[in-house]
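Structural characterization, general
As a plain string of letters, each chain reads:
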Amino acid sequence: MSSEDSPKEEISDGRVVLPSTIIPSRYDVKITPDLEAFTFTGEMVVQLTTSADLDKECCEIVMHAKELCFVSASYVVVGVDGGASVDAEQMNDNKKATTVTFIFPSPIPPSSTLTLTIHYLGFLNNQMAGFYRSSYTDINGIKKTMASTQF
C-alpha cells in the first residue's frame, strides 16, 4: 500500500496527523552539509514506543518528511537479546501529505521500544524552509554561504 492510499494518515485542520500507536520520544539528528553542491546527508536515530493497541499486522511507520530522499531505514527492538535489525523493504514518499512511510517485511511488535535509524539526502534550497542555504558577507567583504534552519 502506498502512503498516498494509507488510511492511517488523518487530515485535521489542514494538517496531517500521524498515527497515535507509534510515538517518538527522542530524536538524534546528524546533518552534514556540502556548501558547494548545496546538498546534505543526514542520519536520524529515533526512539519510538509502540502502544499495546498497535494493529498486530502493522508493518509500517509513518513520519513527516519534506523534500528528502531516503536511502535506508531500519529498526531494532530495544531490550531484546540478539535483536536483529529489521530493514525497510519500501520507503514511500507522499509529497502532498509531506510524509514518508517505511514498510517493513514483518509486523512491528506492540508494547515495545524501538530504535529507528534513517539515512537520507537533501538539497539546501534558498526558500528559508527546512534546512536551507543562505549567504552573508564576512568582515573582509567576501560573500559566503552558510546552512541554516528554523525550528
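Thresholds, definitions, all that
Residues numbered from 1 in each chain as written. Predicted model: local features only at pLDDT ≥ 70, side-chain atom pairs only at ≥ 80, totals over all residues. Heavy atoms only, no water. Pairing = 2+ DSSP bridges. Helix = DSSP H or I, 4+ residues; strand = E, 2+ residues; numbered from the N terminus. Axes fitted to C-alpha atoms, helices over the stretch in contact; angles between N-to-C directions. Buried < 20%, exposed > 50% of the residue type's maximum accessible area, 1.4 Å probe, protein only. Phe/Tyr/Trp six-rings, centres within 6.5 Å; stacked < 30°, edge-to-face > 60°.

Looking at the sheet that holds strand E3 (residues 22-34)
Read across the open sheet, the five strands follow the order E3-E4-E10-E6-E7; overall the sheet is antiparallel. Of all the strands in the sheet, the pair left with one neighbour each is E3 and strand E7 (86-87). Sheet analysis places E3 next to strand E4 (residues 39-50), joined by twelve bridges and oriented antiparallel. Paired with Pro 33 across the bridge in E4 is Phe 40.

Observations regarding the sheet that holds strand E8 (residues 90-94)
Taken together, the three strands give an open sheet; going across it, the order is E5-E9-E8, and neighbouring strands pair in antiparallel fashion. Lying at the two open borders of the sheet, with one neighbouring strand each, are strand E5 (60-64) and E8. The average angle at which neighbouring strand axes cross in this sheet is 20°, direction not considered. Where E8 lies against strand E9 (residues 99-103), five bridges are found, and the strand directions are antiparallel.

Concerning the environment of Ala 129
Relative to the helices and strands, Ala 129 resides in the loop between strand E10 (113-123) and strand E11 (131-137). By relative accessible area, which is 42% here, Ala 129 ends up partly exposed.

Examining the pairing of strand E12 (residues 143-149)
Of the pairings in the sheet, the one linking E11 to E12 comprises seven bridges and is antiparallel in character. Across the sheet, Arg 133 pairs through a bridge with Ala 147, a residue of E12. Joining the antiparallel neighbours E11 and E12 is a turn of five residues, in which Gly 141 adopts a positive phi near 85°.

Quick look at unusual backbone geometry
Not every positive phi belongs to a glycine, and Thr 98 is a case in point at roughly 50°. Position of Thr 98 relative to the elements: it lies in the loop between E8 and E9. On the basis of relative accessibility, which here comes to 27%, the residue Thr 98 falls in the partly exposed class. The phi dihedral of Ser 111 falls on the positive side, at around 50°, and the residue is not glycine. As for its placement among the helices and strands, Ser 111 is situated in the loop between E9 and E10. On the basis of relative accessible area, Ser 111 is assigned to the exposed category, the value being 55%.

Some remarks on the packing of aromatic side chains
Inspection of every chain in the model, using the stated rule, returns five aromatic pairs. A centroid spacing of 5.5 Å and a plane angle of 85° characterise the contact between Phe 70 and Phe 102, whose relative ring orientation is edge-to-face. Here Phe 70 is found in strand E6 (residues 68-77), whereas its partner Phe 102 is found in strand E9, with 32 residues between them in sequence. Both residues of the pair, Phe 70 and Phe 102, count as buried.

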